[in-house]
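Here are the chains, one letter per residue:
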Amino acid sequence: MTTRVLFVGGLGRSGTTLIERVLGELPGVCALGEIVHLWQRDLRDDERCGCGERFSGCDFWQRVGVAAFGGWHRVDVHRILALRDLVERTRHIPRLAGPRRPALDFTALVTEYADYYGRIYAAAAEVSGARVVIDSSKHSALAHCLRWSDAVDLRVLHVVRDARGVAYSWTKTVARPETDGAEEMTRYAPTRSALLWNAHNAAFGLLRRRGIAVRRVRYEEFLARPRNSVQRIAAFMGLDPSVMDLGFVSDDAVELSQGHSAAGNPMRFTVGRIELRRDDAWRRQLPPRQRALVGAVCAPLLRAYGYPLSSTAEIVGAHR
């Protein structure tokens, strides 16, 4: 039996957390946050769940641990982190995208690694009663690893945002509330984030060519037409949006309830009404030379995704 999983992928600071939170409000859907970080941040370091409780004190995650492994104490975190370092790396994507070769050790390692995720997805679906679980881990290499699991019915939502907006966001200092202010989120220089933007987005295109169901959504388009976007993504997940109550989302805002995101952007702790509006501060705050550099490095994919190369032009037209 397989578990239907919507993997929300893309480079960080592209709006993936907000989109996951909105989709998590749909009936029959359980949003789990960034499971890729669960092993270290939650299971090992006992950081805070989206509900505000420490991971060890969250009833939802404790029940998931029992259903998946007979209890979290039975999970070898060091083994999982070692597997991650061995197989879940961007440099391994060409290998992960190839055919399975059962006789090879690499195949066994990837299959073992993906199995840990499959067990969490199945347990979360069982505990929540959801038909679909969402993992917003974002990492393209993890999505390629999950392709190897026979227990996962994988569907990928590829979220893209203008590379210049992403680059500006990565320069900002953002505290991590789950560490009680002790740590900040990673920061990247615009050149570094531009290279990462190219690599991760191209990797999701490769996943589609390997037969995985992939749907692309531009973050700016989601904010402009949130209700329509939610309906389209719900259908992509195999749900029927015509019978759903979408009263929690309007043309310019969304009402979010408390969730159990294992890890992710600080907005996973936000509850209540959230206004949906584009953040175009990068057009004013990112220095012109850096805007031009990021635009040049990312030009082929920006054009392919329907973004204007001029930073003063508006996005026109829709792109699948």
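Before reading further, recall that the structure is shown in the block above.
A few points on the structure.

The rules behind these values
- Residues numbered from 1 in each chain as written.
- Predicted model: local features only at pLDDT ≥ 70, side-chain atom pairs only at ≥ 80, totals over all residues.
- Heavy atoms only, no water.
- Helix = DSSP H or I, 4+ residues; strand = E, 2+ residues; numbered from the N terminus.
- Rg over C-alpha atoms; globule rule 2.2 N^0.38 Å.
- Contact = heavy atoms within 4.5 Å.
- Areas by Shrake-Rupley, 256 points an atom, 1.4 Å probe, with all protein chains shown as cover.
- Lys, Arg positive; Asp, Glu negative; His and termini not counted.
- Charge placed at Lys NZ, Arg CZ, Asp CG, Glu CD.
- Buried < 20%, exposed > 50% of the residue type's maximum accessible area, 1.4 Å probe, protein only.
- Phe/Tyr/Trp six-rings, centres within 6.5 Å; stacked < 30°, edge-to-face > 60°.
- Lys NZ or Arg CZ within 6 Å of the ring centre and 35° of its normal.
- Axes fitted to C-alpha atoms, helices over the stretch in contact; angles between N-to-C directions.
- Parallel < 35°, antiparallel > 145°, perpendicular 65-115°, else oblique.
- Left-handed = near helix turned anticlockwise from the far one by under 90°.
- Nonpolar A, V, L, I, M, F, W, Y, C, P; charged D, E, K, R; others polar.
- Pairing = 2+ DSSP bridges.
- Salt bridge = Lys/Arg side-chain N within 4 Å of Asp/Glu carboxyl O.
- Core = buried A, V, L, I, M, F, W, Y, C linked by side-chain atoms within 4.5 Å.
- Arc of directions from axis to C-beta.
- Polar contact = N/O pair within 3.5 Å; in protein donor to acceptor, adjacent residues only side chain to side chain.

**Overview of the overall build of the protein chain**
Of regular secondary structure, the protein chain possesses 14 helices and seven strands. Relative to the compact-globule value of 20 Å for 320 residues, the protein chain shows a C-alpha radius of gyration of 19 Å, a close match. Oriented by its inertia axes, the alpha-carbon framework of the protein chain measures out at about 55 × 45 × 45 Å. By sequence separation, contacts in the protein chain at least 24 residues apart represent 77% of the contacts at least 6 residues apart. A total accessible area of about 13900 Å² is found for the protein chain, and carbon and sulfur atoms account for 49% of it. The distance from the centre of the 46 positive side-chain charges to the centre of the 35 negative ones in the protein chain is 8 Å.

**Quick word on the environment of Ser 136**
Turning to its location among the elements, Ser 136 is positioned in strand 3 (residues 132-138). Its relative accessible area of 2% is what places Ser 136 among the buried residues. The contact partners of Ser 136, leaving out residues within four places of it in the chain, are Val 8, Glu 20, Gly 33 and Glu 34.

**Side note on the packing of aromatic side chains**
For the structure on display, the rule yields twelve aromatic pairs. Taking the centre distance of 6.3 Å and the plane angle of 40 degrees together, the rings of Phe 69 and Tyr 116 count as tilted. With a gap of 47 residues between them, Phe 69 in helix 3 (residues 59-69) and Tyr 116 in helix 6 (residues 105-128) connect regions that are remote in the sequence. Like Tyr 116, Phe 69 is buried. Pairwise contacts between aromatic rings join Trp 39, Phe 55, Phe 60, Trp 61, Phe 69, Trp 72, Tyr 113, Tyr 116, Tyr 117 and Tyr 121 into one cluster. Above the ring of Trp 170, the side-chain terminus of Arg 13 is found at 4.6 Å from the ring centroid.

**Some thoughts on the packing of helix 9 (residues 190-209) against helix 13 (residues 288-297)**
At a closest axis distance of 9 Å, the pairing of helix 9 and helix 13 adopts a crossing angle of 20 degrees. Considering the angle they form, helix 9 stands roughly parallel to helix 13. The handedness of the crossing between helix 9 and helix 13 is right-handed. Of the residues in helix 13, those in contact with Pro 190, Thr 191, Ala 194, Leu 195 and Asn 198 of helix 9 are Gln 290, Leu 293, Val 294 and Val 297. Of the residues assigned to the contact of helix 9 with helix 13, the class counts are six nonpolar, three polar and no charged.

**Focus: the sheet that holds strand 3**
Spatial ordering of the open sheet is given by 2-3-1-4-5, a layout of five strands whose pairing is parallel. Every other strand in the sheet has two partners, leaving strand 2 (29-31) and strand 5 (213-218) as the edge strands with one partner each. Mean inter-strand twist for the sheet, computed between neighbouring axes without regard to direction, equals 25 degrees. The sheet contact formed by strand 4 (residues 152-160) and strand 5 spans six bridges and is parallel. Its bridge partner lying in strand 5, Val 156 is registered against Val 214. Its contacts with the sheet place helix 6 against strand 1 (3-9), strand 2, strand 3 and strand 4, and it is angled at close to 135 degrees to strand 3.

**Some points on the pattern of salt bridges**
One pass over the full model with this rule turns up 16 salt bridges. Among the salt bridges present, the one from Arg 63 reaches Asp 59, with a minimum N-O distance of 3.0 Å. Of the two residues, Arg 63 and Asp 59 both sit in helix 3, four residues apart, roughly one turn of that helix. Under the relative-accessibility criterion, Arg 63 is labelled partly exposed at 41%. Here Asp 85 makes a salt bridge to Arg 89, at a shortest N to O gap of 2.7 Å. Residue classification places Asp 85 among the partly exposed positions, given a relative accessible area of 37%.

**Details of the nonpolar core**
Formed by 51 residues in total, the largest nonpolar core has its most connected members in Trp 39, Trp 61 and Trp 72. Elements supplying a minimum of two residues to this core: strand 1, helix 2 (38-44), helix 3, helix 4 (77-87), helix 6, helix 7 (140-146), strand 4 and helix 9. Beyond its immediate sequence surroundings of up to four residues, Trp 61 is in contact with Leu 32, Ile 35, Leu 38, Cys 49, Phe 55, Trp 72, Ile 120, His 260 and Ala 262. Counting 32 residues, the second-largest nonpolar core is a separate cluster that includes Leu 23, Ala 31, Phe 222 and Val 230.

**Quick notes on helix 4**
Taken together, the buried positions of helix 4 are Val 77, Ile 80, Leu 81, Leu 83, Arg 84 and Val 87. All buried residues of helix 4 lie within an arc of 155 degrees about the axis, which places them on one face of the element. Its side-chain oxygen at 3.2 Å from the backbone nitrogen of His 78, Asp 76 defines the N-terminal cap of helix 4.

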